[in-house]
Amino acid sequence: MQISSRFTIAIHMLTCMETFKEDYKITSDFLASSINVNPVIIRRILSQLRDAGMIEVKRGTGGASVVKPLSEITFLDVYQAVECIEENTLFHFHENPNPSCPVGKNIHNILDDKLLRVQQAMERELASITLEDVMGDLEKYL
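What this report covers is the structure whose coordinates are included nearby. This structure is a prediction, so every number in the text was calculated from the model and none was measured.

1. Structural notes on the packing of aromatic side chains
Overall, the coordinates contain 5 aromatic pairs when judged by the stated rule. Considering the side-chain rings of Phe7 and Phe75, the 5.6 Å spacing of their centres and the 75 degrees angle between planes classify their relative orientation as edge-to-face. In this pair, Phe7 is assigned in helix H1 (residues 6-19) and Phe75 in helix H4 (residues 75-82), connecting sequence segments 68 residues apart. By relative accessible area, Phe75 is classed as buried at 15%. Ring pairs connect the aromatic residues Phe7, Phe75 and Tyr79, which therefore count as one cluster.

Encoded structure:
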């Protein structure tokens, strides 16, 4: 299991938007050059972040900017904005365990609550980290 790169790309994008907001117009091409991905991917994630209320995107000459306070944007917010995972379904369960097997017949009952606890723990940790934390760490390297 692996979370897609959309999550880390989105964090990278938000960090660039904040870091370079005074010096550059933040466009999909600008962000794509920092992240080294196709601008189409950037535009798709920009739309998701905009729909989640974290950024605004001005068409034409405007560029993108963060509109929420950095202390209020958590990793969980970003994760929920860009990852296409339904609630409580981080782990994809194999579809057809053998009902004739004592393990196959009971595997959902055995694992469902445990996997939910793992997902909830991950989400608690994601909720404890903000974009403000990222910017604070970045300042150490600038």
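2. Focus: the pattern of salt bridges
The tally for this structure, following the rule as stated, stands at 6 salt bridges. Arg6 is paired through a salt bridge with Glu83; the nearest N and O atoms lie 3.4 Å apart. Taken as a pair, Arg6 in helix H1 and Glu83 in the loop between H4 and helix H5 (102-127) lie far apart in primary sequence, 77 residues in all.

Here is what the cut-offs are and how they apply
- Residues numbered from 1 in each chain as written.
- Predicted model: local features only at pLDDT ≥ 70, side-chain atom pairs only at ≥ 80, totals over all residues.
- Heavy atoms only, no water.
- Phe/Tyr/Trp six-rings, centres within 6.5 Å; stacked < 30°, edge-to-face > 60°.
- Helix = DSSP H or I, 4+ residues; strand = E, 2+ residues; numbered from the N terminus.
- Buried < 20%, exposed > 50% of the residue type's maximum accessible area, 1.4 Å probe, protein only.
- Salt bridge = Lys/Arg side-chain N within 4 Å of Asp/Glu carboxyl O.

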